[in-house]
Amino acid sequence: MEKRSADSQVKGVSTGTTILAATFNGGVVIGSDSRASIGGEYVSSKTINKVIQVHDQIFCCMAGSLADAQAVTKAAKYRLSFHSVQMETPPLVIAAASVLQELCYKNKEELQAGFITAGWDRKKGPQVYVVSLGGMLIGQPVTIGGSGSTYIYGYVDAKYKPNMSREECLQFATNALALAMGRDNVSGGVAHLVVITETGVEHVVVPGNKLPKFHNE
Amino acid sequence: MAAATMMPYFGQQMSSKSELVPDWTSQEVSTGTTIMAVEYDGGVVIGADSRTTTGAYIANRVTDKLTPIHDRIFCCRSGSAADTQAIADVVTYQLGFHSIELDEPPLVETAANLFRASCYRYREELTAGILVAGWDRRKGGQVYCVPIGGMLVRQPVSVGGSGSSYIYGFMDSNYKTSMTKDQCLELTASALSLAMERDGSSGGVVRLASISEDGVERRVLLGDQLPKFSTH
């Protein structure tokens, strides 16, 4: 997992952020916080949605420069839908991740954006892929990213188990986001979560005051 | 929350890169590290990893970063190894003298203030993040955090060092008030293992100590005895 240490050098609006995705038995949960900041000093949006739908059952989360991430996801969405029409079948999750990877790698000098792609397809079921800053692509059962992710590596290592139930995984993701938002000053707001399974997609939004509280709050 | 997140301090290189000697011979020795201290009713539990690095070389893989300052007061050191050793020596002397004058065991808060005084006065020259923990008769088990810059704050649980960033989430979710000594030991061992897995500057063995009215108990958890978490 790449540490997103370049956040403080990002110019303009940045998603100093916490994003994560985790597979469970039968699906995948992908989530993020909702804060966008300029230089870590001004919160330019308290309710931005960083979980973008790139196809029916494939979502991705962005981290880094917001402008770069939005431009890349727009291009990726277009390429993916074209690919899907050509193949006459819903795209594979790895196809979506590869499209993002190609864009990130070919433009690595100009871009400062990383992504987590998660979704469900008929071939391999639920999957999570991470495309890091320079354009590396890796598949993992669970992954975290963004500036807030450093604070929850320990928690995720300790708490994530493969093949959890949907409820356990949702609770795990909510807790992880809440813990990161509690320590990282450029992550905050609400927790946006999306649960993707064979049957479809469900959005869960947990407002700030409903997030789990821990001992020191 | 202000425990130090350690950035190893690299000394100036005197000559341009020589191919005859590796880079690390000219870099300062740092305890890029993970340290932790937890209060419980009746005492404190402290823990640290055991890695000291000079650049990429591990100068000491079995370091003892838990340094006794007085009979029932310890400090956990992170940052520059030289700076923290020097400060600890000074404070040990000052506290020993003070304790003899008082004719009584010193307070943990006194020790913490002595650390703070040195760390704040020489803040421009020093790189030291220290946790002071111990037991005294007045307030029982106490943990004080003196991060880089020389602040002083008392906290029921505190982590420090470069590896501490990775375990804030784990610590927040797993620490509860009114834990027993054994629960604290387990929490500390788990947290340190998790940090050592993720932080390149932390590793080796886990050293633990518990301090209470009855004295100090030390133990070491070797590699195969560490709690394991990897599933991915």
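Below you will find a few notes about this structure. (Residues numbered from 1 in each chain as written. Chains lettered and ligands numbered in written order. Predicted model: local features only at pLDDT ≥ 70, side-chain atom pairs only at ≥ 80, totals over all residues. Heavy atoms only, no water.)

Observations concerning the sheet that holds strand E3 (residues 27-32) of chain A
Residue and element names in this part refer to chain A. Overall, antiparallel pairing links the five strands, which are arranged E11-E2-E3-E12-E13 in an open sheet. What marks the edges here is a single partner per strand, and that holds for strand E11 (142-145) and strand E13 (201-206). Strand-to-strand twist in this sheet, taken as the mean axis angle between neighbours without regard to direction, amounts to 15 degrees. Pairing analysis gives four bridges linking strand E2 (residues 19-24) to E11, with the strands arranged antiparallel. Across the sheet, Leu 20 pairs through a bridge with Ile 144, a residue of E11. (Pairing = 2+ DSSP bridges. Helix = DSSP H or I, 4+ residues; strand = E, 2+ residues; numbered from the N terminus. Axes fitted to C-alpha atoms, helices over the stretch in contact; angles between N-to-C directions.)

A word on the interface of chain B and chain A
Taken residue by residue, the interface counts 18 residues in chain B and 21 residues in chain A. When chain B packs against chain A, close to 1,800 Å² is buried across both sides, 61% of that on carbon and sulfur atoms. Summed over the shared surface of chain B and chain A, the number is two salt bridges. In this assembly, chain B and chain A are joined by four residue pairs in polar contact (both at pLDDT 80 or more). Going through the elements one at a time, helix H3 (168-174) and helix H4 (181-198) of chain B are the ones with two or more residues in the side of chain B that touches chain A. (Contact = heavy atoms within 4.5 Å. Buried area = accessible area lost by both parts, 1.4 Å probe. Salt bridge = Lys/Arg side-chain N within 4 Å of Asp/Glu carboxyl O. Polar contact = N/O pair within 3.5 Å; in protein donor to acceptor, adjacent residues only side chain to side chain.)

Considerations on the pairing of E3(A)
All names here are of chain A. The buried fraction of E3 amounts to six of the six residues, a majority that puts the element mostly inside the structure. Burial along E3 is two-sided: the face carrying Gly 27, Val 29 and Gly 31 and the face carrying Val 28, Ile 30 and Ser 32 are both buried. Here E2 runs beside E3; their pairing, made up of six bridges, is antiparallel. Residue pairing in the sheet places Ile 19 in a bridge with Ser 32 of E3. In sequence, E2 turns back onto E3 through a hairpin of two residues, with Gly 26 there showing a positive phi of about 105 degrees. Note: E3 against strand E12 (residues 191-197), six bridges, orientation antiparallel. Bridge pairing in E12 links Gly 31 to Leu 193. (Buried < 20%, exposed > 50% of the residue type's maximum accessible area, 1.4 Å probe, protein only.)

Quick word on the nonpolar core
A:Val29, A:Ile152, A:Phe172, A:Leu193 and B:Met36 are the most contacted members of the largest nonpolar core, which has 57 residues in total. Broken down by element, the residue count for this core peaks at ten residues, all from helix H4 (residues 166-183) of chain A. The residues contacting B:Met36, other than those within four sequence positions of it, are B:Val45, B:Ile46, B:Gly47, B:Cys76, B:Leu131, B:Val157, B:Ser158, B:Val159, B:Leu187, B:Thr188, B:Ala191 and B:Leu192. In terms of nonpolar packing, the next biggest core, distinct from the first, is built from 24 residues, A:Leu66, A:Ala76, A:Val93 and A:Val99 among them. (Core = buried A, V, L, I, M, F, W, Y, C linked by side-chain atoms within 4.5 Å.)

Concerning helix H1 (residues 81-102) of chain B
Residue and element names in this part refer to chain B. Under the 1.5 Å per step criterion, the end-to-end length of H1 is 31 Å for 22 residues, consistent within 8% with the ideal 32 Å. Taken as a whole, H1 has its buried residues at Ala 81, Asp 83, Thr 84, Ile 87, Ala 88, Val 91, Leu 95 and Ser 99. Angularly, the buried residues of H1 cover 140 degrees about the axis, an arc narrow enough to put them on a single face. Exposed positions of H1 whose direction lies more than 90 degrees from the buried face are Asp 89, Tyr 93, Ile 100 and Glu 101. Count one or two residues on from H1 and you reach Asp 103, which has phi positive near 60 degrees. (Expected span 1.5 Å × (residues − 1). Arc of directions from axis to C-beta.)

That is the geometry; function is a separate question.
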